[in-house]
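Descriptive analysis of the structure
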Protein chains: 2
Amino acid sequence: MTTSEGLDRLSALRGTLERSSTAERVADVLRAQVIAGAMAPGERLSEEAIGSALGVSRNTLREAFRLLGHERLLVHEFNRGVFVAKPTRDDVTDLYLVRRALELAALRAAGGADPEAVARVGAAVQEAEDAAARADWWAVGTANMHFHQAVAGLAGSPRTDEAVRRLLAELRLVFHVMAAPEEFHVPYVALNREIYELLREGRTEAAAERLAAYFDAAERQLVEAFDGAERHAPA
Amino acid sequence: MTTSEGLDRLSALRGTLERSSTAERVADVLRAQVIAGAMAPGERLSEEAIGSALGVSRNTLREAFRLLGHERLLVHEFNRGVFVAKPTRDDVTDLYLVRRALELAALRAAGGADPEAVARVGAAVQEAEDAAARADWWAVGTANMHFHQAVAGLAGSPRTDEAVRRLLAELRLVFHVMAAPEEFHVPYVALNREIYELLREGRTEAAAERLAAYFDAAERQLVEAFDGAERHAPA
DNA sequence: ATCAGAGAATTGTTCAACAATCCTCATGTC
DNA sequence: GACATGAGGATTGTTGAACAATTCTCTGAT
């Protein structure tokens, strides 16, 4: 059966070389910019300015805007243009409400999870610890995102994966309201390690409790940051 | 405070008159066609044919295709065109996995839910019972969708609402693999009534158990229908 | 200071064109 | 007869320009 095995190995690589449209590549660039905080929340994105800067036509750029609009990173106002999303306090509580539902369900279903999926959780924990050792706070944040993406992956559910990916991207926008967003994730690295070890021991319910505690703490911290920011600059 | 109250009332109506783009209206038309089964799963949608039929340009039509692609009703293959999504058996289990996570979480959070949200659940139950009395099976299916949308609404979460709306639209596609999709929902009308009454009595945990039982039964029924269909027409 | 309105700037949509890619089918080979 | 190989046609991907519709800005009048 060497032929079949070889084909399987090839088809596993298929995603690597999947051609993407210009609009998708433009969306990738803009997404990275928005997530990195290079564009301020609420800022308007001019079609002509960005189109000429990136060397794509308005039509193509508008397709990219639509893509990011569906990820809630940009908001499209009819006849007014597209703006970088400006998350509110309510968005934070909503994001955490959905994260709780999806990630906890994924973690609780981890009993019959693929060992590779569990390994990815461990890899993300290690990645965060390494980044913390280098004092690379941005990388710690990225690793923390990978951790939660890996937790969601325990469900083995494509739709859960995609939904959580979108939620986490949106969350990175939220972090920019914090005074020191870089350090937000640092205290949670140890907790992630703890969750992973419990998961590996098969104590999924205990792991879920720790994860729920993380959600509560992180949400409260973000909401407080919002209340502080809004007191300084009311709407 | 009459001014403030008046403004509140107006802003509640804002959604009604929100202008929509041509692409969105085109997407509405196509969505209705796909959901109603007017286009077979796997069928290719030609840009020129549909564009000229609807009297819109290719660019606008492509925007509409993108919208429906994000709802997973259409799949876009690069350089090949867009096709009506063709759900598989795995899609069914994945859809129910995510529905379980979101709808059960919403129902369990119904303790502090808005009384209006609870009332909408009751209204959907009534709608289904009325349709069943008329033997209007398609309307029963629609009412069942409204029921689950209303259950999701108990969370008071915009993101949950949107996610469930997408899942349910996708599910309507799945129903078309059944031999008699019209009658699928009928047995569940009574169960929906039971869930609603438990919810109204505040026995949310008992209601959640019934809802979980519904998911199990409906998922199994659909998976079996798939296995039967695939035996007749293997991939 | 507020309001109205003219003009500029921007978005919404269409059209036409061309490049890139895929599909079909006839042809030739084994 | 089964299968590979191209040639040609059809379809999608992307661009640029054009015009309509809407919003924004700034001036001037009250």
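Residues numbered from 1 in each chain as written. Chains lettered and ligands numbered in written order. Predicted model: local features only at pLDDT ≥ 70, side-chain atom pairs only at ≥ 80, totals over all residues. Heavy atoms only, no water.

**Let's talk about the overall build of chain A**
Short version of the rule: The way it works is that DSSP assigns letters per residue, a run of H or I at least four long becomes a helix, a run of E at least two long becomes a strand, and they are numbered from the N terminus. Burial here depends on accessible area, computed with a 1.4 Å probe over protein chains only, as a share of the maximum for the residue type. Under 20% is buried, over 50% is exposed, and the range in between is partly exposed. Should any heavy atoms of two residues lie within 4.5 Å, those residues are counted as being in contact.
Along its length, chain A carries 10 helices and three strands. Mapped from its N terminus to its C terminus, chain A presents α and β elements in the order α-α-β-α-α-β-β-α-α-α-α-α-α. For chain A, the residues scored as buried account for 44% of the 235 residues in total. The long-range fraction of contacts in chain A, counting pairs at least 24 apart against all pairs at least 6 apart in sequence, stands at 73%.

**Let's talk about the packing of aromatic side chains**
All names here are of chain A. Stated precisely, the cut-off is as follows: Pairing of aromatic side chains requires ring centres within 6.5 Å, counting the rings of Phe and Tyr and the six-membered ring of Trp. Pairs whose planes differ by under 30 degrees are stacked, by over 60 edge-to-face, and all others tilted.
Throughout the structure, instances matching the rule amount to 10 aromatic pairs over all chains. Taking the centre distance of 6.2 Å and the plane angle of 75° together, the rings of tyrosine 96 and phenylalanine 215 count as edge-to-face. Placement of the pair is tyrosine 96 in helix 5 (residues 89–108) and phenylalanine 215 in helix 10 (residues 204–232), with a sequence separation of 119 residues. Using a relative accessible area of 0% as the deciding quantity, one classes phenylalanine 215 as buried.

**Description of the packing of helix 5 (residues 89–108) of chain B against helix 7 (residues 137–153) of chain B**
Residue and element names in this part refer to chain B. Worth spelling out the cut-off: Angular values range over 0 to 180 degrees, each being the angle between N-to-C directions of two axes fitted as lines to C-alpha atoms, with helices fitted over their stretch in contact. Here the angle decides the label: under 35 degrees means roughly parallel, over 145 means roughly antiparallel, 65 to 115 means roughly perpendicular, and every other value means oblique. When residues are grouped by polarity, Ala, Val, Leu, Ile, Met, Phe, Trp, Tyr, Cys and Pro land in nonpolar, Asp, Glu, Lys and Arg in charged, and all others, Gly among them, in polar.
For the pair helix 5 and helix 7, the least separation of the axes is 7 Å and the interaxial angle reads 60°. Looking at the two axes, helix 5 sits oblique to helix 7. Counting all contacts with helix 5, which are made through Arg99, Glu103, Ala106 and Leu107, the residues of helix 7 involved are His148, Val151 and Ala152. Partitioned by chemical class, the residues of the contact of helix 5 with helix 7 number four nonpolar, one polar and two charged.

**Some thoughts on the sheet that holds strand 2 (residues 74–77) of chain A**
All names here are of chain A. Put simply, the test is: Only strands that DSSP links by at least two bridges are regarded as paired with each other.
Strand order in the open sheet formed by three strands is 1-3-2, and the pairing between neighbours is antiparallel. The outermost strands of the open sheet, each flanked by one partner alone, are strand 1 (44–45) and strand 2. In this sheet, strand 3 (residues 81–84) lies alongside strand 1 in antiparallel orientation, the contact comprising two bridges. When the bridges of strand 3 are listed, arginine 44 appears paired with phenylalanine 83. On the sheet, helix 4 (residues 58–70) packs against strand 1, strand 2 and strand 3 and is oriented at approximately 115° with respect to strand 2.

**A few points about the confidence of the model for chain A**
All names here are of chain A. For clarity, the threshold we go by: Each residue carries a pLDDT score, the predictor's own confidence in it, on a scale running from 0 to 100.
Residues of chain A with pLDDT of at least 70 account for 88%, and the chain-wide mean is 88. The least confident element of chain A is helix 1 (residues 2–12), whose mean pLDDT is 48; the most confident is helix 5, at 97. Within the model, the stretch residues 9–16 combines pLDDT values under 50 with zero contacts to residues more than four positions away or in other chains.

**Topic: the protein's contact with DNA strand D**
Test applied: Only heavy atoms are used to decide nearness, and a residue is near a molecule or strand if one of them lies within 4 Å of it. Any pair of nitrogen or oxygen atoms within 3.5 Å is treated as a polar contact; in protein, a donor-acceptor pairing is required on top of that, and neighbouring residues in sequence qualify only through side-chain atoms on both sides.
Around DNA strand D, the surrounding shell holds 23 residues, and the nearest of these are Thr22, Thr60 and Arg80 of chain A together with Arg44 and Arg62 of chain B. Within the side chain of asparagine 59 of chain A, a nitrogen or oxygen atom sits 2.8 Å from a base oxygen of DNA strand D. Between DNA strand D and arginine 80 of chain A there is a distance of 2.3 Å, counted from a phosphate oxygen to a side-chain nitrogen or oxygen. Where the surface near DNA strand D is concerned, the elements lending two or more residues are helix 4 of chain A together with strand 1 (44–45) and helix 4 (58–70) of chain B.

**Considerations on the interface of chain A and chain B**
Heads up, the rule is: Defined here as a combined quantity, buried area equals the accessible surface (1.4 Å probe) lost by two parts on assembly, summed across both. Salt bridges are identified by distance alone: a Lys or Arg side-chain nitrogen within 4 Å of an Asp or Glu carboxyl oxygen.
With 30 residues of chain A in contact, the opposing surface of chain B contributes 30 residues. When the buried area of chain A at its contact with chain B is split by residue, Arg66, Phe78 and Arg159 of chain A rank highest and sum to 27% of it. At the surface where chain A touches chain B, the tally comes to 14 salt bridges. The shortest N-O distance in the salt bridge between glutamate 162 of chain B and arginine 166 of chain A comes to 3.8 Å. Going through the elements one at a time, helix 4, helix 5 and helix 8 (158–175) of chain A are the ones with two or more residues in the side of chain A that touches chain B. In terms of residue count, the dominant contributor to the side of chain A that touches chain B is helix 5 of chain A (eight residues). Of the residues in the side of chain A that touches chain B, the class split is 12 nonpolar, seven polar and 11 charged.

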